[in-house]
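Spelled out from the first residue to the last, the chains are:
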Amino acid sequence: MVRVLAVCLFGIFLIGAHAESTVSTNDDDVTDIPTGSPSTTSTGAPITTTTTSSSTTSTPTSTTPAPVTTSAPPAEDQFYRVTENNITCIMFAADMKFTITYPLTDKSKTNTTTVAVPKANSKEVTVSSSGSCSVTEQYLIITWGPSNTPSDLRLLFNMTGEKWELVRTQAHFFMDEMNFYNASDRGLTLVVEGYYPGLSNVDVDTNSSFTCRAQVESNNFTGKVDSSESKFEVTSAVVGLELQAYNSQPNTNSLQQGMRCEADLMSDLVPIAVGCALAGLVLLVLISYLVGRRRRSAAYQSV
């Protein structure tokens, strides 16, 4: 019994000694790990940096271009203007055409052509304008075509008292092969001059405009080529006239209120007259119906 107890005590002693040696060995292993570069610090920092950089470079702003905003183009000016000292004294816009019958190289034959005055905002031909804002006499010159063989339209205005008027319309047409095919005076300049009934020599108040939507035709034009005996027949038509001269108001970019031509007033009267005629016809039919109905009613009562 004593032996057994001694063996047990000796076994317990051996187990205790082995446990101490094991614990001592483990403590030495832990102290051998370098403290200057812990794994959690060295690994965590690069991961955090990489994540931030990735999220920054993948934003859609850096890859998608911003939309470009463009302003609307300026409105094209429909008027020919004469401006001096910040005052636009003349403004003109219209569809104006000249129909010309001219002799061919064979004098026994003629041909007819139409020459249109280009608009101020025309893109088909180069145009320019000039003029004068003189107190005594104002004029507008519209020039187009090649510089060595130009054509032009000239409008001359006059003022009497407090009213202005268009007193002369003149044009110079270079007779090229395109517009005056096979003309006997090809290569020369045709001078056209005349007036428009209801548009020329019409008194308009100062600082007021003159407009005419209706088409006005005129055969009161003549044509002549210097040093030539050729005969020309010229007619002209103008529609959508917008005109102002002798304006004295500064910084004026549009027509001021003014008067309308007689042709516009007549064109307004036509639908009014037609409407009145139709209304009268309807009234006449209604009266006839009521009279006839009353007579039939009286006839039934008498029976």
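Predicted model only: the values in this text are computed from it and were never measured.

**Student:** Could you give an account of the overall build of the protein chain, with specific residues and numbers?
**Tutor:** Scanning the protein chain from terminus to terminus reveals three helices and 13 strands. Counting only residues that meet the buried cut, the protein chain has 27% of its 303 residues in that class.

**Student:** Kindly report on the pairing of strand 5 (residues 137–144), identifying the contributing residues and their values.
**Tutor:** Within a regular strand, side chains alternate between the sheet's two faces. The pairing of strand 4 (residues 127–133) with strand 5 spans seven bridges and is classified as antiparallel. Bridging from a neighbouring strand, C133 pairs with Q138 of strand 5. Here strand 4 folds back onto strand 5 in antiparallel fashion, the turn holding three residues. Both strand 5 and strand 6 (residues 151–160) contribute to a ladder of eight bridges, which runs antiparallel. Across the sheet, residue I141 finds its bridge partner in strand 6, namely R154. Between strand 5 and the antiparallel strand that follows it, strand 6, lie six residues; G145 among them carries a positive phi value of about 95°.

**Student:** Talk me through a nonpolar patch on the surface; I want residue IDs and the actual numbers.
**Tutor:** A grouping of L283, L286, I287, Y289, L290 and V291 is seen on the molecular surface, where their side chains present a nonpolar patch of about 550 Å² in accessible area. Along the chain, L286 falls in helix 3 (residues 262–302).

**Student:** Talk me through the state of the cysteines; I want residue IDs and the actual numbers.
**Tutor:** Note on terminology: a disulfide is the covalent bond linking the sulfur atoms of two cysteines. In the structure shown here, the tally under the stated rule is two disulfides. Across the disulfide, C89 is cross-linked to C133 (sulfur-sulfur distance 1.9 Å). Torsion about the S-S bond of the C89 and C133 cystine: about -80°, corresponding to left-handed handedness. On the criterion of sequence distance, the pair formed by C89 in strand 2 (residues 87–103) and C133 in strand 4 is long-range, its members being 44 residues apart. Across this residue pair, the class does not change: C89 and C133 are buried.

**Student:** Kindly report on the packing of aromatic side chains, identifying the contributing residues and their values.
**Tutor:** This model, assessed by the stated rule, comprises six aromatic pairs. The interplanar angle of 65° and the centroid separation of 5.2 Å between the aromatic rings of Y196 and F221 together place this pair among those described as edge-to-face. Linking Y196 in the loop between strand 8 (189–194) and strand 9 (204–205) with F221 in strand 11 (residues 216–225), this pair joins segments that are 25 residues apart in sequence. In this pair, the class of Y196 matches that of F221, namely buried. Three or more aromatic residues joined by ring pairs make a cluster, and in this case those are F98, W144, F173, Y196 and F221.

**Student:** If you had to explain the confidence of the model for the protein chain to someone new, which residues and values would you point to?
**Tutor:** When pLDDT is averaged along the protein chain, the result is 79; 69% of the residues meet or exceed 70. Here helix 2 (residues 39–57) is the element of the protein chain with the lowest mean pLDDT, 40, and strand 8 is the one with the highest, 98. Of the regions scoring below 50 in pLDDT, residues 12–59 engages in one contact with residues more than four places distant in sequence or in other chains. This stretch, residues 64–74, has a pLDDT under 50; its non-local contacts, to residues over four places away or in other chains, come to zero contacts.

Calculation rules
Residues numbered from 1 in each chain as written. Predicted model: local features only at pLDDT ≥ 70, side-chain atom pairs only at ≥ 80, totals over all residues. Heavy atoms only, no water. Helix = DSSP H or I, 4+ residues; strand = E, 2+ residues; numbered from the N terminus. Buried < 20%, exposed > 50% of the residue type's maximum accessible area, 1.4 Å probe, protein only. Pairing = 2+ DSSP bridges. Patch = residues over 30% accessible without salt bridge, like charges linked within 9 Å, V, L, I, M, F, W, Y side chains within 5 Å. Areas by Shrake-Rupley, 256 points an atom, 1.4 Å probe, with all protein chains shown as cover. Salt bridge = Lys/Arg side-chain N within 4 Å of Asp/Glu carboxyl O. Disulfide = S-S within 2.5 Å. Phe/Tyr/Trp six-rings, centres within 6.5 Å; stacked < 30°, edge-to-face > 60°. pLDDT = per-residue confidence, 0-100. Contact = heavy atoms within 4.5 Å.

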